[in-house]
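# Architecture and fold: a report
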Amino acid sequence: MKNYLKTIIFIIIVCMTLTFLLSCNNNNTNNKSDSTTGANSQDTTTDQMLRENTPDSLPADLNFNGQEIRILHRDNTGGFEDWNYEISVDNQTGDIVNDAIYNRNQSVEDRLNVKITSIGIPGDYGNMSKFINAVRSSVNSGSDDYDLIAGYAYYIPTLAPEGLLYNLNNVQYLNPKADWWSADCDNQMTIDGKLYYITGDMALTLIRSMDVIFFNKKVAQDLNVGDLYQVVLNGEFTIDKLNALVKDTYKDVNGDGKADKNDMYGYSTSTGNLMNGFCAAFDQPILQKDADGVPQLALNTQKMSDIVSKMYDFLYNNQNVYATPESSAANSTDMFPENRTLFMAGVLYNSDNLRAMESDYGILPMPKWDANQAGYYTVSSDVYSLFCIPVTCTKIDAVGATMEAMCAESYRKVTPAYYEVTLKEKYSRDEETSQMLDIIRSGLKFDFGTVNTINLSEINSTFRSLMEKKSGDFTSYYEANEPKYQTALDKLITQYQSLQ
């Protein structure tokens, strides 16, 4: 009996001890989660787990009997970048992104019983006609050469009004509203119930091409500008705040009595492509859908006039800013690693060229227009890939399933490999950059006018053209160009409505 009682007492003591330890552990975990670092780590881990476990809607028993899915895409002939990696890699190399893409394709092929074939041809900006004509010639001749196209976002929209592309809303197994496709792209690009191109996690270029602001940590410390990350988190990183931060930063480094590329500035930028994202950053639409879902011109507002005036003053009536033409863009980018500018406008892939930089740097979102703006917004420079299906494709079901599976698997595996590991750990130099990248990515916007600028008399270049011309007169410029914008838009909408 005594032994029995001893046993009972022992069990009670053990249970009480375990309960106490578990309670302590839970308290410690909760305390850690309350801290900024703990919360970020937990959020990152949770996000990755959610991604990896997010199911798609593809039937489990799909079998396409070894059908070949031929994907036309840009190769690296243009010299700007090796575009092949986005679609296909030959083998595993040990590089985490390379291997994630390789495993993605293997997984999709095994799952659907298809064979993914990569067809790369010149397709950078300089080879636009060559790429477009390859698609146009194939479709117009009735040839069945390609099943899926991954092309330059700037010029792919020219294919849609010609009736060369399949309506993705009619593709079985493809779900444009799934997490791996850009919901904003789907919403903005769907006209008259028709969606001809889309982008999402299958396009690494979409993330790599996002507009951002880099800041030099050494210069920031020397100037005692404070915690810039906290400024962002407080919702206070506006264009006025940026202007205040660069105040009194100019120094005549070479002592020649004139402001030039060898001096010290608060902000450096080119006035070419990097100007295109400011309308989105300031939440000023190019086009806006009416109650019937038809895009209408939306630029002619007092806000747009104010944006042009303020940015003109910021760039040209400001000794603390070095703004250079696109042809001299290297001048502004050289300043940053040489610690001669606090801020540098850029795109995320500029990080590739900063890895050897001795001073630390950080990454911030594009500034808001004012503190009342709901969030931080950005665009992806138009070198990213849009995906579309030529109307001559004879295996729509297999292509739709392959697109969905590839994008879903990219969402689960490739994006975490690139975004969570390559960007956040290899390129970024502090924990806060991870949080900034999450903010930037969540604010990625699309506009039918921006994406279709080539079909709309380059309407997206309105702000850029004014800044390149060093003009703050929006009203005169817009009045002179509105007729051609309206004519092009009316024509494009009519073409969309007439397409089957």
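Rules used in this analysis
- Residues numbered from 1 in each chain as written.
- Predicted model: local features only at pLDDT ≥ 70, side-chain atom pairs only at ≥ 80, totals over all residues.
- Heavy atoms only, no water.
- Helix = DSSP H or I, 4+ residues; strand = E, 2+ residues; numbered from the N terminus.
- Buried < 20%, exposed > 50% of the residue type's maximum accessible area, 1.4 Å probe, protein only.
- Contact = heavy atoms within 4.5 Å.
- Areas by Shrake-Rupley, 256 points an atom, 1.4 Å probe, with all protein chains shown as cover.
- 1 Å grid on protein atoms, 1.4 Å probe; cavity = no way out; pocket = protein on both sides within 12 Å on 5 of 7 lines; lining within 4 Å.
- Points joined across faces, edges and corners; volume = space filled by probe spheres on them.
- Nonpolar A, V, L, I, M, F, W, Y, C, P; charged D, E, K, R; others polar.
- Axes fitted to C-alpha atoms, helices over the stretch in contact; angles between N-to-C directions.
- Parallel < 35°, antiparallel > 145°, perpendicular 65-115°, else oblique.
- Left-handed = near helix turned anticlockwise from the far one by under 90°.
- Phe/Tyr/Trp six-rings, centres within 6.5 Å; stacked < 30°, edge-to-face > 60°.
- Lys, Arg positive; Asp, Glu negative; His and termini not counted.
- Salt bridge = Lys/Arg side-chain N within 4 Å of Asp/Glu carboxyl O.
- Polar contact = N/O pair within 3.5 Å; in protein donor to acceptor, adjacent residues only side chain to side chain.
- Pairing = 2+ DSSP bridges.
- Core = buried A, V, L, I, M, F, W, Y, C linked by side-chain atoms within 4.5 Å.
- pLDDT = per-residue confidence, 0-100.
- Arc of directions from axis to C-beta.

### Regarding the overall build of the protein
- Scanning the protein from terminus to terminus reveals 17 helices and eleven strands.
- The burial tally for the protein puts 53% of its 500 residues in the buried class.
- Partitioning the contacts of the protein with sequence separation of at least 6, the portion at a separation of at least 24 is 78%.
- Element-wise, carbon and sulfur atoms account for 47% of the exposed surface of the protein, whose accessible area totals about 21,900 Å².

### Focus on empty space enclosed by the protein
- Applying the stated rule across the entire model yields one cavity of 30 Å³ or more.
- Of the voids in this model, the largest cavity is the one considered here, and its volume is about 30 Å³.
- Taken together, Met-275, Asn-276, Phe-278, Cys-279, Ile-286, Asn-460, Phe-463 and Arg-464 make up the lining of the largest cavity.
- When residues of the lining of the largest cavity are traced back to their parent elements, those giving at least two are helix H10 (278–281) and helix H16 (462–468).
- For the lining of the largest cavity, the residue count by class is five nonpolar, two polar and one charged.

### Some details on the packing of helix H13 (residues 396–427) against helix H14 (residues 431–442)
- Orientation of H13 relative to H14, taken along the N-to-C sense of each, is 135°, at an axis distance of 10 Å. Looking at the two axes, H13 sits oblique to H14. As H13 runs across H14, the sense of the crossing is right-handed. Where H13 approaches H14, its residues Thr-415, Tyr-419, Leu-423 and Lys-424 are matched on the opposing element by Ser-434, Leu-437, Asp-438 and Arg-441.
- Of the residues assigned to the contact of H13 with H14, the class counts are three nonpolar, two polar and three charged.

### So, the packing of aromatic side chains
- Under the criterion given, the structure shown has 23 aromatic pairs.
- With a centroid separation of 5.8 Å and an interplanar angle of 50°, the aromatic rings of Phe-131 and Tyr-155 are classed as tilted. Here Tyr-155 lies in the loop between strand E3 (148–152) and helix H5 (183–189) and Phe-131 lies in helix H4 (residues 128–140), a separation of 24 residues in the sequence.
- Ring geometry for Phe-214 and Tyr-361: centres 6.1 Å apart, planes at 65°, overall edge-to-face. Remark: Tyr-361 occurs in strand E10 (residues 361–364) and Phe-214 occurs in strand E4 (residues 211–216); sequence separation between them is 147 residues.
- Using a relative accessible area of 0% as the deciding quantity, one classes Phe-214 as buried.
- An aromatic cluster is built from Phe-278, Phe-282, Trp-369 and Phe-463, whose rings are joined through pairwise contacts.

### A look at the side chain of Glu-109
- With respect to the element layout, Glu-109 can be found in helix H3 (residues 96–112).
- In this structure Glu-109 is buried but unpaired, with Lys-115 as the nearest side chain of opposite charge at 4.0 Å.
- In terms of polar contacts, Glu-109 uses its side chain to reach the backbone amide nitrogen of Ile-116, at 2.8 Å.
- Setting aside its immediate chain neighbours within four residues, Glu-109 contacts Val-114, Lys-115 and Ile-116.

### Quick look at the sheet that holds strand E1 (residues 67–74)
- With mixed pairing, the four strands of this open sheet are ordered in space as E2-E1-E3-E11. Strand pairing shows two members of the sheet lacking a second neighbour, strand E2 (114–121) and strand E11 (385–388), which therefore form its edges. If you compare each strand with its neighbour and ignore which way they point, the axes differ by 20° on average.
- Bridge count for E1 against E3 is three bridges, and the pairing is parallel. In the strand pairing of E3, Ile-71 is matched with Leu-148.

### Details of the nonpolar core
- Membership of the largest hydrophobic core comes to 151 residues, with the highest contact counts inside it found for Trp-181, Tyr-197, Tyr-267, Phe-343, Leu-364 and Phe-463.
- Residue contacts for Phe-343: discarding those within four places in its chain leaves Ile-213, Phe-214, Phe-215, Leu-228, Leu-242, Leu-245, Val-246, Gly-266, Tyr-267, Ser-268 and Leu-364.

### Here we look at the pattern of salt bridges
- In this structure the tally under the stated criterion is 20 salt bridges.
- Residues Asp-186 and Lys-177 are paired through a salt bridge, measuring 2.9 Å at the closest nitrogen-oxygen approach.
- Owing to a relative accessible area of 3%, Asp-186 belongs among the buried residues under this scheme.
- Put simply, Lys-424 and Glu-420 hold a salt bridge, and the shortest N to O gap is 3.1 Å. Within this pair, Lys-424 and its partner Glu-420 are both found in helix H13, separated by four residues, close to a single helical turn.

### With respect to the confidence of the model for the protein
- On average, residues of the protein carry a pLDDT of 89, and 89% of them reach 70 or more.
- Counted against residues more than four places away or in other chains, residues 1–42, with its pLDDT under 50, gives eight contacts.

### What about unusual backbone geometry?
- The backbone of Asn-224 sits at a positive phi, close to 55°, despite the residue not being glycine.
- Its location among the elements puts Asn-224 in the loop between helix H7 (217–223) and helix H8 (228–233).

### Describing the environment of Glu-420
- The exposure class of Glu-420 is buried, given its relative accessible area of 7%.
- Once the C-alpha coordinates of Glu-420 and Asp-438 are considered, the two residues, 18 residues apart in sequence, prove to be 9.8 Å apart.
- Within the structure, the side chain of Glu-420 is placed 3.1 Å from the side chain of Lys-424, a separation counted as a polar contact.

### What about H14?
- Restricting attention to buried positions, one finds in H14 the residues Thr-433, Ser-434, Met-436, Leu-437 and Ile-440. When H14 is viewed along its axis, its buried side chains cluster within an angular range of 165° and face the same direction.
- The inward-facing, buried residues of H14 contact E4, H8, E10 and H13.
- Of the residues flanking the start of H14, the one acting as N-cap is Asp-430, its side-chain oxygen 3.3 Å from the backbone nitrogen of Glu-432.

### So, the sheet that holds E4
- Overall, mixed pairing links the five strands, which are arranged E8-E5-E9-E4-E10 in an open sheet. In this open sheet, the two strands that pair with only one neighbour each are strand E8 (321–324) and E10. For this sheet, the mean inter-axis angle between neighbouring strands, taken without regard to orientation, is 25°.
- Judged from the five bridges that link them, E4 and strand E9 (residues 341–347) form a sheet pairing that is antiparallel. Across the sheet, the residue bridging to Ile-213 is Ala-345, located in E9.

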